[in-house]
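# Secondary and tertiary structure notes
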Amino acid sequence: MRKKIAAGNWKMNTTLDEGLKLASEVVHMAKDESLSDTTIIISVPFTHLGSVKKIIGSATNVFIAAQNCHQEVSGAYTGEISATMLQSLGVDCVVLGHSERREYYKETYAELGAKTQIVLAHQMTPIFCCGEKLDTREENAHFNLVKEQLSSSLFQLDAADFVKIIIAYEPVWAIGTGVTASDEQAQEMHHFIRETITEKYGESIAHQIPILYGGSVKPTNAQTLFSCPDVDGGLIGGASLDAQGFIDIARSF
C-alpha cells in the first residue's frame with residue numbers, strides 16, 4: 001500500500017524564529033494518533049534545516065526536506081548547496097524541479113536528472129515535480145509535456161532507484177492562484193503518470209510510487225482530491241505556513 005503523504009513547501013518564507021515556531025506546532029500536532037500512518041514532510045529554507053531537524057527529533061511521522069540542491073558533489077559554485085551538505089544535516093528528502101525553479105532558474109531536464117541521481121546517491125528521497133502551464137493545457141499538450149519531463153530526467157534510472165522517488169504533479173496554472181484542478185483533472189493526470197511509469201518500469205513499480213498533487217491545496221478541497229484513487233497526497237504551498245491548516249490537510253485522507 002502506498003504512503004499517504006502531506007508535504008509542506010514553505011518556499012522563501014519565515015524567519016528562523018518564525019520557522020522554528022511553525023515547525024514546533026506541526027510536530028506537536030502530528031503526534032495525534034489519527035496521523036500515525038500519514039507521512040508529514042516539511043520543506044523548509046536552507047537556513048532552517050539544522051534547527052528544524054532538531055525540533056523533529058524522534059518523531060516517527062515527520063520528515064524534513066530541502067527545497068533544492070546542486071548536481072555536483074562540491075566545487076566552486078558560490079551560493080549553492082550540495083547533497084553532501086544536506087545529508088550531513090540529516091535531511092530526508094529534496095524537492096527537485098519545482099515549476100518555480102524551472103521557470104526562474106531555467107533548470108534543464110539534464111540538470112534535474114543529475115540532481116535526482118546525486119540525491120539518491122546520498123540516501124535521500126527526491127520529490128520530483130512535473131506539470132504544465134495553462135497555455136500547454138489549452139493546446140491539449142499537457143500529457144506530452146509531463147511525459148517528456150518524466151522520461152527526460154528520470155527514466156535513465158534503474159528500477160531499484162526509481163522506486164525510491166516521490167512524484168508531485170503541479171499544474172502551474174493552479175499554483176498560488178486559488179484555482180485548483182478539478183478532482184477529475186487531477187485523477188486523469190495522476191493516472192496518466194502512473195500509466196507512463198508502467199510503460200517503462202512495469203505495473204508493480206508504478207503502483208508503489210506515491211504521486212502527490214500540488215496546486216492551491218486547502219483544508220476545504222483536500223479530502224475530495226485525496227480520495228482520487230491515484231492521488232496519494234499533496235505538495236502544499238501557502239496553506240503549509242499555517243500549522244493548523246496544514247495538519248487539517250494531513251487529516252483529509
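Refer to the structure above for everything that follows.
Residues numbered from 1 in each chain as written. Predicted model: local features only at pLDDT ≥ 70, side-chain atom pairs only at ≥ 80, totals over all residues. Heavy atoms only, no water.

### Here's the deal with the nonpolar core
One broad trend across soluble globular proteins is that nonpolar side chains are buried collectively. For clarity, the threshold we go by: Only buried residues count toward a nonpolar core, which is a set of Ala, Val, Leu, Ile, Met, Phe, Trp, Tyr and Cys residues joined through side-chain atoms within 4.5 Å. Note on classification: 1.4 Å probe, protein chains only; a residue is buried when its accessible area is under 20% of the maximum for its type, exposed when over 50%, partly exposed between these limits. By the convention used here, residues are in contact when the closest approach between their heavy atoms is within 4.5 Å.
The biggest cluster of nonpolar side chains holds 64 residues, and the ones touching the most others in it are F162, I167 and I193. Beyond its immediate chain neighbours, meaning those up to four positions away, I193 contacts C130, V146, L150, I167, Y169 and I211. I41, A65, A168 and L212 belong to the second largest nonpolar core, which has 12 residues in total.

### A closer look at the packing of aromatic side chains
What counts, and what does not: Between rings of Phe, Tyr and Trp, where Trp is taken as its six-membered ring, a pair exists when centres lie within 6.5 Å; planes separated by under 30 degrees are stacked, by over 60 edge-to-face, and by other angles tilted. Every helix listed is a DSSP run of H or I at least four residues long, and every strand listed is a run of E at least two residues long, numbered separately from the N terminus.
Using the criterion set out here, one finds six aromatic pairs in the structure. Seen from their ring centres, F162 and Y201 are 4.3 Å apart, and the 20° between their planes marks the pair as stacked. With F162 in helix 8 (residues 159–162) and Y201 in helix 9 (residues 183–201), this residue pair connects regions lying 39 residues apart in the sequence. The pair formed by F162 and Y201 is uniform in burial state, with each residue classed as buried. Judged by centre distance (6.4 Å) and plane angle (55°), the rings of Y169 and Y213 are tilted. On the criterion of sequence distance, the pair formed by Y169 in strand 6 (residues 166–169) and Y213 in strand 7 (residues 211–213) is long-range, its members being 44 residues apart. Y213 carries the same exposure label as Y169, and that label is buried. In this structure an aromatic cluster arises from ring pairing among F155, F162 and Y201.

### Considering the pattern of salt bridges
Under the convention used in this document: A pairing counts as a salt bridge when a side-chain nitrogen of Lys or Arg comes within 4 Å of a carboxyl oxygen of Asp or Glu.
The final tally for this structure, using the stated rule, is 15 salt bridges. With a shortest N-O distance of 2.7 Å, E100 and K11 are connected by a salt bridge. You can see E100 sitting in helix 4 (residues 99–104) and its partner K11 sitting in the loop between strand 1 (4–9) and helix 1 (16–29), a full 89 residues away along the chain. A single network of salt bridges, built from pairs that share partners, joins R2, R194, D230 and D232.

### Concerning unusual backbone geometry
Backbone geometry at N140 places phi at a positive 60°, although glycine is not the residue there. By the element assignment, N140 lies in the loop between helix 6 (134–138) and helix 7 (142–154). Although it is not a glycine, S216 adopts a positive phi angle of roughly 60°. Its place among the elements puts S216 in the loop between strand 7 and helix 11 (222–226).

### Focus on the pairing of strand 4 (residues 93–96)
In summary, the side chains of a regular strand alternate between the two faces of the sheet. Heads up, the rule is: Should DSSP find at least two bridges between two strands, the strands are taken to pair. Viewed with both strands pointing away, a crossover whose connecting path from the first strand over the helix to the second turns clockwise is right-handed.
Alternating residues of strand 4 divide into C93 and V95 and V94 and L96, and every residue in both groups is buried. Where strand 3 (residues 62–66) and strand 4 come together, two bridges link them in parallel fashion. Its bridge partner being in strand 4, A65 is matched across the sheet by C93. Taken together, strand 3, helix 3 (residues 83–88) and strand 4 constitute a β-α-β crossover, and its handedness is right-handed.

### Digging into the packing of helix 1 against helix 2 (residues 49–56)
Applicable threshold: For helices, the fitted axis covers only the stretch in contact; all axes are lines through C-alpha atoms, and the angles between them, taken along N-to-C directions, range from 0 to 180 degrees. When describing relative orientation, an angle under 35 degrees is termed roughly parallel and one over 145 degrees roughly antiparallel, while 65 to 115 degrees is termed roughly perpendicular and anything else oblique. Definitions for this section: a left-handed crossing has its near helix turned counterclockwise from the far helix by less than a right angle. A right-handed crossing has that turn clockwise. Under the convention adopted here, Pro, Cys and the residues Ala, Val, Leu, Ile, Met, Phe, Trp and Tyr are nonpolar, Asp, Glu, Lys and Arg are charged, and Gly plus all remaining residues are polar.
Between helix 1 and helix 2, the least distance of the axes is 9 Å, while the angle of their chain directions is 25°. Taken together, the axes of helix 1 and helix 2 lie roughly parallel to each other. At the point where helix 1 passes helix 2, the crossing takes the right-handed sense. Contacts between helix 1 and helix 2 involve L16, L20, A23, S24 and V27 from the first element and S51, V52, I55 and I56 from the second. Of the residues in the contact of helix 1 with helix 2, the class split is seven nonpolar, two polar and no charged.

### Brief notes about helix 9
Note the threshold: Take the number of residues in a helix, subtract one, and multiply by 1.5 Å to get its expected span.
Relative to the 27 Å expected for 19 residues at 1.5 Å per residue, helix 9 spans 26 Å between its end C-alpha atoms, a close match to the ideal helical length. Where helix 9 ends, the next residue or the one after it, G202, has phi of about 100°, a positive value.

### Quick look at helix 2
For the record, the criterion: For this quantity, the arc is that covered by the directions from the helix axis to the C-beta atoms.
Restricting attention to buried positions, one finds in helix 2 the residues L49, V52 and I56. The arc that holds every buried residue of helix 2, seen down its axis, measures 70°, which confines them to one face. Its buried side turned inward, helix 2 meets helix 1, strand 2 (38–43), strand 3 and helix 3. Where helix 2 ends, the next residue or the one after it, G57, has phi of about 50°, a positive value.

Nothing here speaks to function; it is all geometry.
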